[in-house]
Amino acid sequence: MNPRASLWLKTVYARTWVRTKSIYGEPIWVAVNVGFPFFTSLALSLLYSSAGLKAGIGFAFLGGVMVSFWGNVLWSMASQFNWDKQQGLFELYVTSPAPISAILIGMSLGGILGTAPSAMTLAIIGWLLFAPPATPLWPLVALTFALTLASLYAMGMALSSLYLVYGREADSVNEALHEPVSFLSGVYFPSSLAFPAALQAVVLIIPLAVGMDALQRTLFSLNSTGATDLTPVYRDLLLLAIMGITLLFAASKALKILEEKGRRAGTIAVRQK
Amino acid sequence: MSYLSSIIASIRVGWSRDFGWTNPFLGFSLKTIAPIASTMTAVTVLYIGFRNGTSIASGQFPMLLGFILIGATLYAHISAYSWVPTLAIAEGKWTFVFPQVYVSPKSSPPYLAGRCLAAFASSTVTSVASLAVAIALSSLLFGVAIPLVITPLSISLFGVALVVNILASMGLGFLLGAYAIFASKFEWALPTYVSGLLMVFSEALFPVSLLPHPFSDIGNVLPFTEFIRASRAVLLPLGSVSSYFYYLALSFVGGSTLLAIGLLAFRYAERRARRLGVLDRKVV
């Protein structure tokens, strides 16, 4: 195998392994990560239930599942290089021959594998507690889920390069981004039923919004016949694929520019307080 | 008097930590966006339930919208500052600030109380701003006038309720802080769990009577539930001043009890941590 490709793959494996091990080596992380999304989903399920819309409970728990991944993207992808920089790890990354893009991909794969158990636990608890009515189209659900995660984590990679230039601001920006993006993406409700058409069009620039729309359409149906119009789902899938590729490209470009700039100015490993 | 100056100094530390990195306007704006979004999520769920569900009549919807707007905003307010003592300890261990507090003459309770009060003040501003924005956005999105009672009297009584709730929130903060002193990992997780539990049990989004026994009883005795009820009693038309004072008294009694328990637990934890030598143990 080409030595560069081999190094890239080995780096991906190593970073994936570290991140996965950090979760699976400490199974209590699963319980820890389930906490907040579970209670939010539970509260919103009871709200749907009190409004006489049992079908809505599925949206609440699907939202909890996806919020687990969104939180992971923000706190364990976007902020990671910033934290690594504060702790001196980033210096090791840039002085080692390991490609940064491979480290990011490894972080993403590890993040997905690490978040999956808590997301699955949440889905199972939701199912056991409420058995929300669902009409899943499994092949489309699987494809949508994979594309949503791909574009979300690609966004995390792009953000990680941006956050690299920030200090303490990164945490505040993360805190400010988490809830508004969840709301605009319609994480806990179908935005097509709540937002005006103009707002629905605007939020299509957020990968989570596109993914949620497709997942909600392929998993649940609010109409009595249970029939799903697949045209918007195919549109969403195409959008997700385009976003994933574009964000991946943007992330790699931005990192290269920042790395180059940091090396020239001698600020690449400077810790900000 | 020296306790008071320690608390005032800690309030300044808290504000400096929260807003020192930017200008105050941007800092407050960033802190206001999240509660607006979480409140809007709750009211949007209610709207979808109203449009597609079977249980809410058209006449009930504006009142329920007001119920949830107030509950969700105040829930966000409580969550924003009740876990500040835990954060101050956990982050303080990382940044070596917390061990420095112990070599100062007044030790940690005034420091944590000051940090909590700083967060209370900023969270009060952001909560009121987010409530105003959420009301405007809800009226715009759902096309309904929300029946809120906005008079000098109702606002003053609401302000008193906010102040009374400091007791309960600070008590919860000290309780969580007692855990955080010993925590070497997952110290961030407990406050998020408690915060999530409060969303279910504090009547933020739905009446606790919807919960099965004994969970509904737990919700009924929480001072946070009484605080939210008192606020609704003066800000919504169906409430009354007498019910406001009833709920406020319950909130005061519950809050004082929680504060006493929190302080005792924290004092015990602090003494034990000193003996075990873990006060400056860095979280890994």
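Predicted model, so just to flag it, every value in this text is computed and none were measured.

Parameters and conventions
Residues numbered from 1 in each chain as written. Chains lettered and ligands numbered in written order. Predicted model: local features only at pLDDT ≥ 70, side-chain atom pairs only at ≥ 80, totals over all residues. Heavy atoms only, no water. Contact = heavy atoms within 4.5 Å. Buried area = accessible area lost by both parts, 1.4 Å probe. Polar contact = N/O pair within 3.5 Å; in protein donor to acceptor, adjacent residues only side chain to side chain. Helix = DSSP H or I, 4+ residues; strand = E, 2+ residues; numbered from the N terminus. Nonpolar A, V, L, I, M, F, W, Y, C, P; charged D, E, K, R; others polar. Expected span 1.5 Å × (residues − 1). Buried < 20%, exposed > 50% of the residue type's maximum accessible area, 1.4 Å probe, protein only. Axes fitted to C-alpha atoms, helices over the stretch in contact; angles between N-to-C directions. Left-handed = near helix turned anticlockwise from the far one by under 90°. Salt bridge = Lys/Arg side-chain N within 4 Å of Asp/Glu carboxyl O. pLDDT = per-residue confidence, 0-100. Core = buried A, V, L, I, M, F, W, Y, C linked by side-chain atoms within 4.5 Å.

Participant: Can you walk me through the interface of chain B and chain A in this structure?
Facilitator: Chain B puts 41 residues into the contact, and the matching count from chain A is 34 residues. Here chain B meets chain A over a buried area of about 3,300 Å², counting both sides, of which 79% is carbon and sulfur. The tally of links from chain B across to chain A stands at six residue pairs in polar contact (both at pLDDT 80 or more). When contributions to the side of chain B that touches chain A are tallied by element, the ones reaching two or more residues are helix 1 (2–19), helix 2 (24–52), helix 3 (61–82) and helix 8 (189–201) of chain B. Sorting elements by how many residues they give to the side of chain B that touches chain A places helix 2 of chain B first, with 16 residues. Residue composition of the side of chain B that touches chain A, grouped by class: 27 nonpolar, 12 polar and two charged.

Participant: Honestly, helix 1 (residues 3–24) of chain A in this entry has me stumped. Any pointers?
Facilitator: Owing to its 3.6 residues per turn, the α-helix aligns residues three or four sequence positions apart on the same side. All names here are of chain A. With 22 residues, helix 1 extends 31 Å between its outermost C-alpha atoms, agreeing within 8% with the 32 Å of an ideal straight helix rising 1.5 Å per residue. Residues of helix 1 that are buried: Ser6, Thr11, Val12, Arg15, Thr16, Arg19, Thr20 and Ile23. A side-chain oxygen of the first residue of helix 1 lies 2.8 Å from the backbone nitrogen of Arg4; this N-cap is Asn2.

Participant: What should I look at first to understand the packing of helix 2 (residues 28–50) of chain A against helix 6 (residues 100–130) of chain A in this one?
Facilitator: Axis angle and axis distance: for two packed helices, these are the angle between their axes and the distance between the axes, and together they describe the pair. All names here are of chain A. The contact between helix 2 and helix 6 brings their axes to 9 Å, and the two run at 35°. Both helix 2 and helix 6 take part in a crossing whose hand is right-handed. Every residue of helix 6 that contacts helix 2 at Val30, Asn33, Val34, Pro37, Phe38, Leu42 and Ser45 is listed here: Pro117, Ser118, Thr121, Leu122, Ile125, Leu129 and Phe130. Taken together, the residues of the contact of helix 2 with helix 6 sort by class into 10 nonpolar, four polar and no charged.

Participant: What is the right way to read the pattern of salt bridges from this model?
Facilitator: Two side chains carrying opposite charge are able to pair once their charged atoms lie near each other. All names here are of chain B. Under the definition given, this model contains eight salt bridges over all chains. Its salt-bridge partner being Glu91, residue Arg17 comes within 2.5 Å of it at the nearest N-O pair. Remark: Glu91 occurs in helix 4 (residues 84–95) and Arg17 occurs in helix 1; sequence separation between them is 74 residues. Residue Glu91 is classed as partly exposed on the basis of its relative accessible area of 22%.

Participant: Looking at this model, I keep getting lost on the confidence of the model for chain A. Mind explaining?
Facilitator: Low pLDDT marks stretches whose predicted atomic positions should not be read closely. When pLDDT is averaged along chain A, the result is 88, and 94% of the positions lie at 70 or above. Of all helices and strands in chain A, the one with the weakest mean pLDDT is helix 4 (residues 80–87) of chain A (82), whereas helix 11 (residues 207–219) of chain A scores best (94).

Participant: It is not clear to me how the side chain of Thr148 of chain A should be interpreted in this structure. Could you clarify?
Facilitator: Residue and element names in this part refer to chain A. Counting through the fold element by element, Thr148 comes out in helix 7 (residues 138–163). Owing to a relative accessible area of 0%, Thr148 belongs among the buried residues under this scheme. In contact with Thr148, not counting residues within four places along its chain, are Met66, Gly211 and Leu240.

Participant: In this structure, what is going on with the nonpolar core? I would like to understand it.
Facilitator: As a rule of thumb, nonpolar side chains are buried together in soluble globular proteins. Among the nonpolar cores identified, the biggest contains 148 residues, and Tyr48, Phe81 and Phe189 of chain A together with Phe61 and Leu205 of chain B are the most heavily contacted of them. Contacts of Leu205 of chain B, omitting those with residues within four sequence positions, involve Ala43, Leu44 and Leu47 of chain A together with Ala42, Phe67, Ile68, Ala72 and Met199 of chain B.

Participant: I'm lost on the environment of Tyr47 of chain B in this one. Help?
Facilitator: Mapped onto the elements of the fold, Tyr47 of chain B is located in helix 2. Classification of Tyr47 of chain B by relative accessible area gives buried; the value is 12%. Separated by 95 residues in sequence, Tyr47 of chain B and Phe142 of chain B place their C-alpha atoms 7.5 Å apart. Not counting the four nearest positions on each side in its chain, Tyr47 of chain B is found in contact with Leu193 and Ala194 of chain A together with Phe61 and Phe142 of chain B.

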